[in-house]
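Letter by letter, the chains look like this.
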Amino acid sequence: MLKTKPNQKRISDIYFLYGISSQSFSNRMKFVEKVKQDGVVWYHMAYDAVVEGGTVVTATDTFDGNLAIQNGRIAGILDSASDVDADQIIDAAGKHILPGGVDPHVHMMDPGDTEREDFPTGTAAAAAGGITTIGEHHRTDPTVLTAGILEDKRDYLSDRARVDFGLLAGGHPDNIDEIKALERSGTLAYKSFTCNVHGVPALLSADMHRLFTEIERVGGISMVHAEDELMLNANERQLKAAGRNDGSIVPEWRSKEAEQVAVSTTLQIAKQTNVSLWIAHLTHPEVVDQVTHAKNQGVNAYAETCPQYLYLTRQDVEEDAPYTMFTPPSREENDREELWERLADGKIDMVNADHAPSTREQKAKGEDNIFEAPFGVPGVETVLPLLLNGVNNGRISLARVVDVFSTKPAQILGLFPRKGILQVGSDADFVIVDMEQSQTLRDEDVIAKCGWTSYDGLTVQGIPESTYVRGEPVFEDGAVTGEVGYGEFIARKEEV
């Protein structure tokens, strides 16, 4: 039996390892002939970079390993890097290496209200938070309701992103005939609202059934913001009649009951149509349990929550609105605690930012009348540190963080295994985290355009130290290094 030297492989083994044909091998990999032994030619591999000395974490495993990177992809996971040729050695000793975050719930407002956020700044903030792929939502100018608008937006953003990005479209009563063309253009998902919010009309049951039927037919994914329109309107009328317009009314206005009713209706229609359904920003354990029950009945449903529901409570909303004003709002302390339990138990599929910042001046309009303030808070910089802090506090495992921050979002959106995992052939998207280091989150350190965070003054343990997209650093040593225009458009892979 032949004995190989470190990092030497037969050319046939290399073909198998990298899943590429012999014809394309020489164009994609570098190699140096080493020896000819018993008629077999061995090659010594050389890589663009090797991430050395870290602990690799996936959604199912944790192990010591060295990532070899070639042409922007993971070319090997090596037991030892002691005899490896590489143009660059990235030192990860004592650190953990996680797949880059995939966050399909961000609002960069670009093109549109870029006073609040834009792509160059927002994707810089994402890079600082260990997010390597984002899904930008449809509420831009113009609203993304057709394939033509999506393609125009894609082209406009092609030189504005620092990390990779995909695009969501709207799911409205008046664009159902556009769904097939949008799917062909690579839309990640179709977002609908069951209430009038953000200037978007409510999608009521009959239209929802029609929309879900078409999305299922083309193999797409429906994303729904679930709050019942009639209940919200009744709450608002009652509060205004009582002369109440201060921030403390938000939890009464956007009630738990309104969320539960909308989630129930949406899941029932998903069951009837067999659509893949992602329910956004679930705020309390009862609605997570509704999704779990539907899954057990065969509904292809996914539960998303956000860090604001894991860290903030009704008291924070009442005391600090409009700066803690988002919808649906955070709930009671016991709801927050039980959400962590649902997250640890695997009942929550994604933890996304719902990054929707506003300027201080825009938020300040709600200090005298809460109905004048925009909903939303910034978040792409803080999702990962807040989850890592949960690991250090013993609430969840690091593998669960990888699952809800990277792997499951990539799988749900059809980007896996290119994104969301560290394995041979996947994009070299990764974040090196220091689980020992602590930081205090502060307004003055925020990269997002708004310049503030709902977590100002909170100390967390576990931080993203550096972030790489397709093998290139986009965030290192506290500084954004990714260039505007480096990020690529990412489309779903399914054919219609």
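Here the residue index of a chain counts from 1 through its sequence in written order. Only residues with pLDDT of at least 70 get local features here, since the model is predicted, and only at 80 or more are side-chain atom pairs given and counted; chain-wide, interface and lining totals rely on the full set of residues. For the side-chain quantities, the full set of heavy atoms in the structure was used; hydrogens and water were omitted.

So, on to the side chain of K95. Relative to the elements of secondary structure, K95 occurs in the loop between β6 (85-91) and β7 (96-99). To sort residues, take the accessible area from a 1.4 Å probe on protein chains only and compare it with the maximum for the residue type: under 20% means buried, over 50% means exposed, and anything in between is partly exposed. Since its relative accessible area comes to 17%, K95 is described here as buried. Contacts: residue pairs with any heavy atoms within 4.5 Å of one another. Among residues more than four places away in sequence, those in contact with K95 are G54, T55, I432, V433, D434 and E465. A run of DSSP states H or I qualifies as a helix once it reaches four residues; a run of E qualifies as a strand once it reaches two. Both are numbered from the N-terminal end.

You can see R210 is positioned in helix α6 (residues 205-218). For R210 and I269, which are 59 residues apart along the polypeptide, the C-alpha to C-alpha distance reads 9.7 Å. When near neighbours in sequence (up to four residues on either side) are disregarded, R210 contacts P173 and I176.

A separate point is the sheet that holds strand β9 (residues 131-136). Only when DSSP finds a minimum of two bridges between them are two strands counted as paired. Spatial ordering of the open sheet is given by β8-β9-β10, a layout of three strands whose pairing is parallel. Each having just a single partner strand, β8 (101-106) and β10 (164-167) make up the two edges of the open sheet. Ignoring which end each strand starts from, the neighbouring axes of this sheet average 20° apart. In terms of strand pairing, β9 meets β10 through four bridges, oriented parallel. Bridge pairing in β10 places G135 opposite G166. To obtain an axis, a line is fitted to C-alpha atoms, over the contacting stretch when the element is a helix, and the angle between two such axes runs from 0 to 180 degrees between their N-to-C directions.

Both trends apply: most residues other than glycine have a negative phi, and most peptide bonds are in trans. P322 follows A321 through a cis peptide bond whose omega is 15°. Here P322 shows up in the loop between α12 (314-320) and α13 (333-344). A cis amide bond, omega 10°, links F416 with the succeeding residue P417. Structurally, P417 can be placed in the loop between α16 (398-412) and β17 (430-440). Notably, N71 is not glycine yet its phi reads approximately 55°, a positive angle.

Moving on: the packing of aromatic side chains. Pairing of aromatic rings covers Phe, Tyr and the six-membered ring of Trp, with a centre-to-centre limit of 6.5 Å; geometry is then stacked below 30 degrees between planes, edge-to-face above 60, and tilted otherwise. According to the stated counting rule, one finds nine aromatic pairs in the structure shown. On the numbers, 5.7 Å between centres and 75° between planes, the contact of Y309 with F326 is edge-to-face. Here Y309, found in helix α11 (residues 307-311), pairs with F326, found in the loop between α12 and α13; they are 17 residues apart in sequence, far enough to count as distant.

Right, let's talk about the environment of T440 for a bit. Examined against the element boundaries, T440 turns out to sit in strand β17. Residues T440 and Q461, 21 residues apart in the sequence, show an inter-C-alpha distance of 8.8 Å. Contact partners of T440, with chain neighbours within four places excluded, come to D445, G457, L458 and T459. Reaching out from T440, the side chain makes a polar contact with the side chain of T459 at a distance of 2.8 Å. Under the rule applied, a polar contact is a pair of N or O atoms within 3.5 Å (in protein, one hydrogen donor and one hydrogen acceptor; residues adjacent in sequence only if both atoms are side-chain atoms).

The buried fraction of strand β13 (residues 221-225) is high, at five of five residues. Here β13 shows two buried faces, one formed by I221, M223 and H225 and the other by S222 and V224. Pairing analysis gives four bridges linking strand β12 (residues 190-193) to β13, with the strands arranged parallel. Looking across to β13, one finds that K191 is bridged to M223. With its strands directed away from the observer, a crossover is right-handed exactly when the path from the first strand over the helix to the second travels clockwise. Considered for its hand, the β-α-β crossover made up of β12, α6 and β13 is right-handed. Here four bridges tie β13 to strand β14 (residues 276-279), and the two strands are oriented parallel to one another. What sits directly across from I221, in β14, is S276.

Moving on, we get to the pattern of salt bridges. The working definition used for a salt bridge is a side-chain nitrogen of Lys or Arg within 4 Å of a carboxyl oxygen of Asp or Glu. Per the counting criterion, the structure on display carries 35 salt bridges. With a closest N to O distance of 3.4 Å, E488 and R470 form a salt bridge. A residue pair is termed long-range when its members are at least 10 positions apart, and E488 in the segment after β20 (479-480) and R470 in the loop between β18 (459-469) and β19 (472-476) qualify at 18 residues. What makes E488 partly exposed here is its relative accessible area of 34%. Judged by relative accessible area, R470 falls into the buried class, the value being 12%. When salt bridges with common partners are traced through the structure, they connect R73, D164, R418, K419, D427, D429, R470 and E488 into a single cluster.

What the six strands build is an open sheet, ordered β11-β12-β13-β14-β15-β16; its pairing is parallel. Pairing within the sheet leaves two strands with one partner each, and these edge strands are β11 (169-170) and β16 (350-351).

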